[in-house]
Amino acid sequence: MEIPTFETDNLILRPITPDDLHSYQNNFNNYEVIRYLSSFVPWPFPKNGVEEYYYKTILPKQGKDYWYWSILLKNNTEEMIGGIDLWRGSKIDNRGFWLAQKRWGKGYMTEVVTRINDHAFQDLGFEILYFGNAVTNIGSRKIKEKTGAKLIGRRLFKFVDPLVNESEMWELSKEAWLTFRNL
Ligand SMILES: CC(C)(COP(=O)(O)OP(=O)(O)OC[C@H]1O[C@@H](n2cnc3c(N)ncnc32)[C@H](O)[C@@H]1OP(=O)(O)O)[C@@H](O)C(=O)NCCC(=O)NCCS
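This text gives an overview of the structure that appears in the document.

Rules behind the numbers
- Residues numbered from 1 in each chain as written.
- Predicted model: local features only at pLDDT ≥ 70, side-chain atom pairs only at ≥ 80, totals over all residues.
- Heavy atoms only, no water.
- Phe/Tyr/Trp six-rings, centres within 6.5 Å; stacked < 30°, edge-to-face > 60°.
- Helix = DSSP H or I, 4+ residues; strand = E, 2+ residues; numbered from the N terminus.
- Buried < 20%, exposed > 50% of the residue type's maximum accessible area, 1.4 Å probe, protein only.
- Lys NZ or Arg CZ within 6 Å of the ring centre and 35° of its normal.
- Salt bridge = Lys/Arg side-chain N within 4 Å of Asp/Glu carboxyl O.
- Near = heavy atom within 4 Å.
- Polar contact = N/O pair within 3.5 Å; in protein donor to acceptor, adjacent residues only side chain to side chain.
- Areas by Shrake-Rupley, 256 points an atom, 1.4 Å probe, with all protein chains shown as cover.

For the structure on display, the rule yields twelve aromatic pairs. Ring geometry for Trp177 against Phe180: centres 5.6 Å apart, planes inclined by 25°, an arrangement best described as stacked. Here the residue Trp177 and the residue Phe180 both occupy positions in helix α6 (residues 174–180), the gap between them amounting to three residues, near one helical turn. Judged by relative accessible area, which is 0%, Trp177 ranks as buried. Aromatic ring contacts, followed pair by pair, group Tyr24, Phe28, Phe45, Tyr68 and Trp98 into a single cluster. The ring of Tyr66 carries Lys61 above its face, with NZ or CZ at 4.3 Å from the centroid. The ring centre of Phe126 lies 5.0 Å from the NZ or CZ of Arg88, which sits over that ring.

Below, the structure written as structure tokens:
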């Protein structure tokens, strides 16, 4: 199945392309964006970090139980301002997201997550989604709270920020999502 493009109130979500890599690198290479991501993300972030990640990690699996969408503003589709990815096969985490710091606090990621959850449950056949975030990542935690997910526990986890070592664990069933959305 071809990966669809979505339109939300303010944003376009479309499968990532090589044209996005320049703005991806610029917006992602920021400690505030990276600190609560998995310690697999290198810091300091290399100059070619995004290009390497795209060609070695994203592209080979894109569309094969793995999906990566670039986030663009409707009124400026030249600049990738964030990304969201979804994958099958984990009972701990099925989703990641990030947004350029200059765009935080406007409700954008809640908008993105709502559309991608609809797609996961209604089109891709997910029955349950698992999520995680650093216990200190209030923005990410709030997004889960605001989109119907249930906090189920905590576990040890290594983040880029060496001072944080615990992750919150969340789950969202299809049934809970459809009820949450009144569908
Ligand atoms: C987490 C992140 C995606 C939030 O994006 P966003 O578009 O600003 O989120 P939203 O505007 O949809 O906000 C959701 C809620 O969190 C709150 N919030 C966002 N960032 C916050 C912060 N740093 N501290 C406290 N609250 C925050 C918002 O105020 C909003 O709450 P409200 O609806 O009660 O006002 C963004 O901060 C980011 O990219 N962080 C770095 C990458 C990252 O941590 N990714 C997640 C890994 S699990």
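This paragraph deals with the pattern of salt bridges. On inspection of all chains with the given rule, the structure shows twelve salt bridges. Between Glu7 and Lys74 there is a salt bridge, with its nearest N and O atoms 3.3 Å apart. Of this pair, Glu7 sits in strand β1 (residues 6–7) while Lys74 sits in the loop between β3 (66–73) and β4 (76–87), placing them 67 residues apart in sequence. Of the residues examined, Glu7 reaches a relative accessible area of 57% and is grouped as exposed. For Glu32, the salt bridge is made with Arg35, and the minimal N-O distance between the two is 3.6 Å. On the accessibility criterion, Glu32 (33% relative accessible area) is partly exposed.

The next subject is the site of the ligand. Taken together, 22 residues lie near the ligand, and Leu99, Gly105, Gly107, Thr110 and Lys146 sit nearest. Phe97 is positioned such that a nitrogen or oxygen atom in its backbone is 2.8 Å from a nitrogen atom of the ligand. One of the backbone N or O atoms of Leu99 is found 2.7 Å from an oxygen atom in the ligand. Here the ligand has 910 Å² of accessible area as a free molecule, and 75% of this is covered by the chains.

As far as function goes, none of this settles anything; it's purely spatial.
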